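Chain by chain, the residues:
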Amino acid sequence: GITPVLGWLLRQAGYRDVNMQSYFFDFSYGTSLYSSYVQDIEFVFEAARPLLVQAGVSSQGELENLYVQVLEQIRKEDFRAMGYLLTAWGRRPQEA
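Residues numbered from 1 in each chain as written. Predicted model: local features only at pLDDT ≥ 70, side-chain atom pairs only at ≥ 80, totals over all residues. Heavy atoms only, no water.

Things to note about helix 2 (residues 34-54)
Stated precisely, the cut-off is as follows: Every helix listed is a DSSP run of H or I at least four residues long, and every strand listed is a run of E at least two residues long, numbered separately from the N terminus. To estimate the expected span of a helix, count its residues, drop one, and scale the result by 1.5 Å. A residue's bend is the angle separating two fitted axes: one through the seven residues that end there, the other through the seven that start there. Buried means the residue's accessible area, taken with a 1.4 Å probe over protein chains only, is under 20% of the maximum for its type, while exposed means over 50%, and partly exposed covers the values in between. What makes two residues a contact is simply this: any of their non-hydrogen atoms within 4.5 Å.
With 21 residues, helix 2 extends 31 Å between its outermost C-alpha atoms, agreeing within 8% with the 30 Å of an ideal straight helix rising 1.5 Å per residue. Of all the bends in helix 2, the greatest reaches close to 35 degrees and is centred on Ala-48; the proline Pro-50 follows between one and four positions later. Within helix 2, burial applies to Tyr-34, Val-38, Phe-45 and Arg-49. Tucked into the core, helix 2 has its buried residues touching helix 3 (60-74). Where helix 2 terminates, the next one or two residues include Gly-56, which has phi positive at roughly 80 degrees.

Laid out in structure tokens, this is it:
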């Protein structure tokens, strides 16, 4: 991914005082973020399904089977998931 080189890329683009802040999120079953995560998964599947079928990536039936499997797995008490976000910023030198 891009995160290991993001600070370097900003410096290469001329930014100074580059800083980064990372955030970690626990979406595991029973956590405060779990229900939002499940809703996001449901939304993404529904939104992406017609695009994937139209592009020929998968059939409607295959996607429905996958959707059922995903929901079964994420609704189990032993479901564990984590995510992270990296924010990077810097200052651009004033142009003359």
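Side note on the side chain of Arg-49
Applicable threshold: In protein, a polar contact requires one atom able to donate a hydrogen and another able to accept it; more generally it is a pair of N or O atoms within 3.5 Å, and residues adjacent in sequence count only if both atoms are side-chain atoms.
Positionally, Arg-49 belongs in helix 2. For Arg-49, a relative accessible area of 8% translates into the label buried. Within the structure, the side chain of Arg-49 is placed 2.8 Å from the side chain of Glu-46, a separation counted as a polar contact. Excluding anything up to four places from it in sequence, Arg-49 contacts Gln-60, Leu-63, Glu-64 and Tyr-67.

Some thoughts on the packing of helix 2 against helix 3
Basically, it comes down to this: Axes here mean lines fitted to C-alpha atoms, for a helix over just the part in contact, with angles spanning 0 to 180 degrees between N-to-C directions. Should an angle fall under 35 degrees it is called roughly parallel, over 145 degrees roughly antiparallel, and 65 to 115 degrees roughly perpendicular, with every other angle called oblique. Here the term charged refers only to Asp, Glu, Lys and Arg, the term nonpolar to Ala, Val, Leu, Ile, Met, Phe, Trp, Tyr, Cys and Pro, and the term polar to all other amino acids, Gly among them.
Running from N to C, helix 2 and helix 3 cross one another at 175 degrees; their axes reach a closest spacing of 11 Å. Judged by the angle between their axes, helix 2 and helix 3 are roughly antiparallel. From helix 2, Tyr-34, Val-38, Ile-41, Glu-42, Phe-45, Glu-46, Arg-49, Leu-52 and Val-53 reach across to helix 3, where they touch Gln-60, Leu-63, Glu-64, Leu-66, Tyr-67, Val-70, Leu-71 and Ile-74. Looking at the contact of helix 2 with helix 3 residue by residue, the class counts come to 12 nonpolar, 1 polar and 4 charged.

Here we look at unusual backbone geometry
Phi at Asp-17 is positive, roughly 50 degrees, even though this residue is not glycine. Position of Asp-17 relative to the elements: it lies in strand 1 (residues 16-26). By relative accessible area, Asp-17 is classed as partly exposed at 47%.

Concerning the nonpolar core
Note the following rule: To qualify as a nonpolar core, a set must consist of buried Ala, Val, Leu, Ile, Met, Phe, Trp, Tyr and Cys residues joined through side-chain atoms within 4.5 Å.
By size, the foremost hydrophobic cluster in this structure holds 10 residues: Phe-27, Tyr-34, Val-38, Phe-45, Tyr-67, Val-70, Leu-71, Ile-74, Phe-79 and Ala-81. Listing elements by their share of this core, those giving two or more residues are helix 2 and helix 3. Leaving out residues up to four positions away in the same chain, Ile-74 has contacts with Tyr-29, Tyr-34, Val-38, Ile-41 and Phe-79.

Overview of the packing of aromatic side chains
Filter applied, for reference: Here a Phe, Tyr or Trp ring, Trp counted by its six-membered ring, pairs with any other such ring whose centre lies within 6.5 Å, and the pair is stacked when the planes are under 30 degrees apart, edge-to-face when over 60, and tilted otherwise. Only lysine NZ and arginine CZ atoms are considered, and such an atom sits over a ring when it is within 6 Å of the ring centre and within 35 degrees of the ring normal.
All told, the structure shown has 7 aromatic pairs when counted by the stated rule. A centroid spacing of 5.1 Å and a plane angle of 50 degrees characterise the contact between Phe-45 and Tyr-67, whose relative ring orientation is tilted. Taken together, the residues Phe-45 in helix 2 and Tyr-67 in helix 3 connect sequence positions 22 residues apart. A single burial state applies to Phe-45 and to Tyr-67, both of which are buried. An aromatic cluster of three or more residues is present, and its members are Phe-25, Phe-27, Tyr-29, Tyr-34, Tyr-37 and Phe-79. Residue placement shows Arg-49 over the ring face of Tyr-67; its charged tip is 5.4 Å from the ring centre.

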